[in-house]
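Fold and geometry: a report
If you want the building blocks of each chain, they are given just below.
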Amino acid sequence: MIYTLTPNPAVDVVVSCDGLTPNRVTRTRDASYSPNGKGLNVSFVLEHYGVPSTILGFFGGFTGTWIAEEAARTCPVKPVWIDGITRVNMFVNAGEDEYTMPNAGAPVERPQQQEMLDLIAGLEDLDTLVVSGSLSPLMEPHYYEELTDICHKKGAEIVLDMSHKSLAELVKKEPLLIKPNDEEIEAIFGVDTKSDSDIVSALHHIHELGAKNILCTLGGRGAFFLDDRHIYRASAAKIKILSTACAGDATLAAFLSIWHDDRDAVVPALTRAMATGADVASSAGLGDLARVDELANQIEVKVVE
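Residues numbered from 1 in each chain as written. Predicted model: local features only at pLDDT ≥ 70, side-chain atom pairs only at ≥ 80, totals over all residues. Heavy atoms only, no water.

The subject of this paragraph is the pairing of strand β9 (residues 157–161). The side chains of a regular strand alternate, first on one face of the sheet and then on the other. In terms of burial, β9 is largely enclosed, as 4 of its 5 residues are buried. Across 5 bridges, the pairing between strand β8 (residues 128–132) and β9 is parallel. By the bridge assignment for β9, Val-130 is matched with Val-159. Taken together, β8, helix α4 (residues 142–153) and β9 constitute a β-α-β crossover, and its handedness is right-handed. Here β9 pairs with strand β10 (residues 177–178) via 2 bridges, running parallel. Bridge pairing links Leu-160 to Ile-178 in β10. (Buried < 20%, exposed > 50% of the residue type's maximum accessible area, 1.4 Å probe, protein only. Helix = DSSP H or I, 4+ residues; strand = E, 2+ residues; numbered from the N terminus. Pairing = 2+ DSSP bridges. Right-handed = clockwise from strand over helix to strand, strands pointing away.)

Turning our eyes to something else, we now look at the side chain of Asn-213. Mapped onto the elements of the fold, Asn-213 is located in the loop between α7 (196–209) and β11 (214–217). From its side chain, Asn-213 meets the backbone oxygen of Leu-176 in a polar contact 2.8 Å long. Each residue touching Asn-213, except ones within four places of it in the same chain, is listed here: Pro-175, Leu-176, Leu-177, Ile-178, Phe-225, Leu-226, Asp-227, Asp-228 and Trp-259. (Polar contact = N/O pair within 3.5 Å; in protein donor to acceptor, adjacent residues only side chain to side chain. Contact = heavy atoms within 4.5 Å.)

Even without glycine at this site, Asp-30 takes up a positive phi of about 55 degrees. With respect to the element layout, Asp-30 can be found in strand β3 (residues 29–36). If you check the backbone angles, Leu-289 has positive phi at about 55 degrees while not being a glycine. Tracing the backbone through its elements, the reader meets Leu-289 in the loop between α9 (266–281) and α10 (292–296).

Okay, the nonpolar core next. Counting 55 residues, the largest nonpolar core has Leu-177, Phe-225, Phe-255, Trp-259 and Leu-270 as the members making the most contacts within it. Residues Ile-82, Leu-117, Ala-202 and Leu-203 belong to the second largest nonpolar core, which totals 46 residues. (Core = buried A, V, L, I, M, F, W, Y, C linked by side-chain atoms within 4.5 Å.)

Summed over the entire model, instances satisfying the criterion amount to 5 aromatic pairs. Taking 6.1 Å as the distance between ring centres and 55 degrees as the angle between the ring planes, the aromatic pair formed by Phe-59 and Trp-81 counts as tilted. Of this pair, Phe-59 sits in strand β4 (residues 53–59) while Trp-81 sits in strand β5 (residues 77–81), placing them 22 residues apart in sequence. Residue Phe-59 is classed as buried on the basis of its relative accessible area, which comes to 0%. Using a relative accessible area of 42% as the deciding quantity, one classes Trp-81 as partly exposed. An aromatic cluster of three or more residues is present, and its members are Phe-225, Tyr-232, Phe-255 and Trp-259. Here the basic side chain of Arg-263 rests over the ring of Trp-259, its NZ or CZ set 4.6 Å away from the ring centre. The side chain of Arg-272 reaches across the aromatic face of Tyr-49, ending 4.2 Å from its centre. (Phe/Tyr/Trp six-rings, centres within 6.5 Å; stacked < 30°, edge-to-face > 60°. Lys NZ or Arg CZ within 6 Å of the ring centre and 35° of its normal.)

Pasting the structure below:
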């Protein structure tokens with residue numbers, strides 16, 4: 001069983017307007033509210049593709065209750081309850097510009113952190129843990145290491161989708177898969193990603209540090225994937241972007257929906273991943289994923305090394 005952990009979930013509010021002017025009332029439209037967090041999104045998209053998973057996360061207050069209840073309509077949820085109120089994030093599409101306004105989130109005290117570690121340690125059917133997103137306030141970067149160690153002790157794999165600089169050390173623990181974007185690779189590993197050759201060099205470097213497999217997303221430039229045999233290059237579909245808020249999560253989930261159980265199926269996994277990410281980027285929230293097959297026709301995947 002795949003489990004997904006969102007350390008800092010949120011209610012995501014996506015609205016549109018014609019533009020933003022300081023000190024004036026801005027009327028918005030097309031408001032969309034969704035239970036969110038990177039791990040939750042991974043579970044929702046996995047479910048869309050017929051792959052079961054269970055959601056783990058820290059939830060608090062009326063927003064946390066709403067997220068857990070709404071998520072449970074799609075996937076099983078095993079919550080750890082905290083004091084405080086789960087955050088609300090705002091995404092504003094203002095014509096040609098997109099404004100992203102995430103909040104810090106509710107603090108998670110050490111007893112609740114340990115409760116989650118104990119919960120994971122007791123999961124008898126854990127095969128892979130997908131840890132996605134930032135840590136909540138009061139959670140130290142060492143928590144990622146604790147999660148990784150628990151998975152390894154249980155003989156389970158871990159997938160990391162995170163932007164914290166501690167990823168540079170965590171890859172030494174040989175995670176099954178990491179999913180940085182180009183900006184995160186530059187910030188975390190101190191290497192260039194300006195050209196395709198730069199990215200190929202960076203992927204080799206990160207692989208040598210310990211990461212078994214690397215999915216590097218590049219937004220409108222597509223993606224790269226490295227395993228122990230090849231490096232693949234995937235193109236991007238041409239779309240009109242509405243909100244990129246959930247696109248990376250959907251890309252990861254779509255990739256895992258094929259590749260997790262068939263490590264040789266890299267080309268179809270990358271094709272589905274890029275088409276799914278594009279569909280989500282052209283929608284509010286995750287959307288309905290209705291255009292994935294259409295967008296997949298635009299995707300080209302080739303082996304570059």
